[in-house]
There are 2 protein chains.
Amino acid sequence: MQKFINDPSKVVDEMLEAYLEAHSDLVSPTENERVIKYKNAPIQGKVAIVTGGGSGHKPAFVGYVGRNMVDAVACGKLFSSPPAQMFYDAAKAADAGKGVAILYGNYAGDNMNVAMAIEELEDEGIQVKTVVANDDVPSAPKGEEDRRRGVAGEVFMWKVGGAKAAMGASLDEVIAASQKAINNTRSMGVGLSPCTIPEVGHSNFKIPEGKMEIGIGHHGEPGIEVVDLEPAAKVAERMCHVVIPDLPFESGDEVAILVSGLGSTPAIELYILFNDVKRILKEKGISVYISYVGNYFTSLEMSGATLTLMKLDDELKECMDFECDSVGMRQFQRTT
Amino acid sequence: MQKFINDPSKVVDEMLEAYLEAHSDLVSPTENERVIKYKNAPIQGKVAIVTGGGSGHKPAFVGYVGRNMVDAVACGKLFSSPPAQMFYDAAKAADAGKGVAILYGNYAGDNMNVAMAIEELEDEGIQVKTVVANDDVPSAPKGEEDRRRGVAGEVFMWKVGGAKAAMGASLDEVIAASQKAINNTRSMGVGLSPCTIPEVGHSNFKIPEGKMEIGIGHHGEPGIEVVDLEPAAKVAERMCHVVIPDLPFESGDEVAILVSGLGSTPAIELYILFNDVKRILKEKGISVYISYVGNYFTSLEMSGATLTLMKLDDELKECMDFECDSVGMRQFQRTT
């Protein structure tokens, strides 16, 4: 296990301690040491954006806390859902009385813990609504979308929800825009190597040299098949052939595209994949409005990549163009 | 070789094609397909900032092209210096008549090719000056600093030079500030695994499981020793014990710190290293003014990290606080 760690049971605590120090101009601690908030949260007059999930997906989840993005985050153990108390504390840290939007991914533990947190929050009169990301196409067949996992599309959900809330929208409006973002988003991952949770000490799954796992999940959940490694252009085709027809994305559509590494894939390979995906989109008459390439949602040092496409309308474009400042996504107002 | 590539001989071309598409709101092509420029370059009234180097270090070098950063970059083959013509073309693409600052790293090929480019540029009456980064402490002993390589400290050199030029400084002022940035900067790397150049097909060096290479270079250049893998706190101590006394950084100093991954090391481990370094700095009375943690200067999928410290004065602080917009470094004006 070639890792820079100290005590394997303390990696998340040490990481968060460092994160608070390194980015003190952006984030603040809360009374719950596993809950990090935007330094200016709660922000009066603004709907609060809250998320949470297992650690090990950096910059997700904590990396999206910031200005016009997420107000507070619950940081679970590596690849484990944060308990209900953490989601509750995150909502409390962010709530400014205008309602709380919890925007998170579709995993059994997160669903259960968010539901428990909401019960408590509502008992205190805090208005909470949720959007549950389920953008990972290979994780369940069409018609069973509510079984699909949330993956890198969550980044677009936070970007849209964060922007909408910052524009002064109501809780219902923030939820509607975030839900539309996810409804319009489809993702798919391909894995080239596994990763190791320090407390386990060895990888929980294998991908043999010369093979790749199509549809792999962000915690090494098995994909739909293991096939021989192919050139990037073929991998891009496989991804597009799953992602594009599922929505479907059609000729004339404008999309946001995110090619995210899973951890150890060099940027150069992500750009090569992007290049091949872009060509396929062009052939299909789908135009790219805004592009993201890099490590936006990872799985420790897993090698591989995810493709995420979001179909845009004017409201989603306005949200994607909106200025934001977080470690994981920082952009100036776009004026194209 | 678990990689998303097509033709191994075309990875840089495909990457640059994708980069231009993905970031068309920031960068533009030039007549030389291996030279990328900031879309608004040349900028009248501003000293041009130019750099270049081998590819495979993303976001270096192309990722630092942008607003208030680098104006044009020469992109060599993987781990290979760009030829003189490319440096020449980059300087021509960026020059607005106020002089060109070529800020690059101390490698034999780059030194030779930059010198040849300058001869031609000066023949045309273009004023060119250089700063040669040599921040990598383990690459040569004290007293032989001019033999040291440039590593992640180059990022601070570009940040300072880019800001200074954007503030309207003269070529001499830009060069003086960039040289001061490098004079005040020390770095050191530790490698945990090798990387593979696609055209070679296998790694050029090995790091056995359970070992780490102290002082490794950005192209796998041998370090000063190979030792048993240690806890992050010990690795941080080793780094600090090399970097801090070399300048030396002393009690009362304020520093910028950069913990960069070499490619495949998860952010969580970089933050853990940062945490341990920060504690050592605190014990020594050295305070951190601004922090960067992430993949700022990589070596394909090498596992490992570099520590970079830069001692600050008022001028360097003003430059580090300055707003900039590039893929590799994007920050809002700091008002602390």
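For the structure itself, consult the block above.
Reference entry: report on the structure contained in this document. (Residues numbered from 1 in each chain as written. Chains lettered and ligands numbered in written order. Predicted model: local features only at pLDDT ≥ 70, side-chain atom pairs only at ≥ 80, totals over all residues. Heavy atoms only, no water.)

A closer look at the interface of chain A and chain B
Phase 1: Listed by partner, the interface residues are 61 residues for chain A and 61 residues for chain B.
Phase 2: Summed over both partners, the interface of chain A with chain B comes to about 5000 Å²; 60% of that surface belongs to carbon and sulfur atoms.
Phase 3: For the chain A face of the interface with chain B, the top three residues by lost area are A:Gln2, A:Phe4 and A:Phe332, together amounting to 20%.
Phase 4: Taken together, the connections running from chain A to chain B amount to six salt bridges.
Phase 5: Note that A:Lys3 is salt-bridged to B:Glu269, the shortest N-O span being 3.5 Å.
Phase 6: Between chain A and chain B we count 28 residue pairs in polar contact (both at pLDDT 80 or more) in total.
Phase 7: Of all the elements in the fold, those that place two or more residues in the side of chain A that touches chain B are α1 (11-22), β8 (185-193), α6 (232-246), α7 (267-283), β12 (287-294), β13 (303-311), β14 (324-326) and β15 (330-331) of chain A.
Phase 8: Broken down by element, the side of chain A that touches chain B gets its largest block of residues, ten residues, from α7(A).
Phase 9: Split by residue class, the side of chain A that touches chain B holds 31 nonpolar, 13 polar and 17 charged. (Contact = heavy atoms within 4.5 Å. Buried area = accessible area lost by both parts, 1.4 Å probe. Salt bridge = Lys/Arg side-chain N within 4 Å of Asp/Glu carboxyl O. Polar contact = N/O pair within 3.5 Å; in protein donor to acceptor, adjacent residues only side chain to side chain. Helix = DSSP H or I, 4+ residues; strand = E, 2+ residues; numbered from the N terminus. Nonpolar A, V, L, I, M, F, W, Y, C, P; charged D, E, K, R; others polar.)

Brief notes about α7(A)
Residues separated by three or four positions in an α-helix point in the same direction, a consequence of the helix having 3.6 residues per turn.
Phase 1: Relative to the 24 Å expected for 17 residues at 1.5 Å per residue, α7(A) spans 24 Å between its end C-alpha atoms, a close match to the ideal helical length.
Phase 2: Phi turns positive one or two residues past the end of α7(A), at A:Gly285, with a value near 80 degrees. (Expected span 1.5 Å × (residues − 1).)

So, the pattern of salt bridges
A side chain of one charge can pair with a side chain of the opposite charge when the charged atoms of the two come close.
All names here are of chain A.
Phase 1: With the rule as written, the count across this model stands at 54 salt bridges over all chains.
Phase 2: Here Lys142 makes a salt bridge to Asp246, at a shortest N to O gap of 3.9 Å. Of this pair, Lys142 sits in the loop between β7 (128-133) and α4 (153-166) while Asp246 sits in helix α6, and the two are 104 residues apart along the sequence.

Section: the state of the cysteines
All names here are of chain B.
Phase 1: Summed over the entire model, instances satisfying the criterion amount to zero disulfides over all chains.
Phase 2: Distance from the sulfur of Cys75, which forms no disulfide, to the nearest cysteine sulfur (Cys195) is 18 Å.
Phase 3: Residue classification places Cys75 among the buried residues on the basis of a relative accessible area of 3%. (Disulfide = S-S within 2.5 Å. Buried < 20%, exposed > 50% of the residue type's maximum accessible area, 1.4 Å probe, protein only.)

Notes on the packing of aromatic side chains
All names here are of chain B.
Phase 1: This structure, assessed with the given rule, holds 17 aromatic pairs over all chains.
Phase 2: Aromatic side chains Phe61 and Trp158 sit 5.5 Å apart centroid to centroid with 65 degrees between the ring planes, which places their arrangement in the edge-to-face category. Placement of Phe61 in the loop between β3 (48-55) and β4 (66-67) and of Trp158 in helix α4 (residues 153-166) is noted, with a sequence separation of 97 residues between them.
Phase 3: Considering the side-chain rings of Tyr64 and Trp158, the 5.3 Å spacing of their centres and the 35 degrees angle between planes classify their relative orientation as tilted. Linking Tyr64 in the loop between β3 and β4 with Trp158 in helix α4, this pair joins segments that are 94 residues apart in sequence.
Phase 4: Given the relative accessible area of 0%, Tyr64 is considered buried. (Phe/Tyr/Trp six-rings, centres within 6.5 Å; stacked < 30°, edge-to-face > 60°.)

Topic: the layout of surface pockets
Phase 1: Considered as a void within the structure, the second largest pocket measures approximately 1100 Å³ in volume.
Phase 2: Surrounding the second largest pocket, 40 residues form its lining, A:Ser193, A:Ser264, B:Ser193, B:Ser264 and B:Glu301 being those nearest its centre.
Phase 3: For the lining of the second largest pocket, the elements supplying multiple residues, two or more each, are β8 of chain A together with β8 (185-193) of chain B. (1 Å grid on protein atoms, 1.4 Å probe; cavity = no way out; pocket = protein on both sides within 12 Å on 5 of 7 lines; lining within 4 Å. Points joined across faces, edges and corners; volume = space filled by probe spheres on them.)

Details of the relation of the copies chain A and chain B
Phase 1: Overlaying chain A with chain B gives an RMSD of 0.0 Å, the required rotation being 180 degrees about an axis along which the chain moves by 0.0 Å. On the angle and the small slide along the axis, the relation comes out as a two-fold axis. Across chain A, the smallest distance between a C-alpha and the rotation axis is recorded for A:Ser264, namely 1.9 Å.
Phase 2: Both copies present the same face, since 100% of the interface residues in chain A are matched by interface residues at the equivalent positions in chain B. (Least-squares fit on C-alpha atoms with pLDDT ≥ 70 in both.)

Structural measurements only, silent on function.
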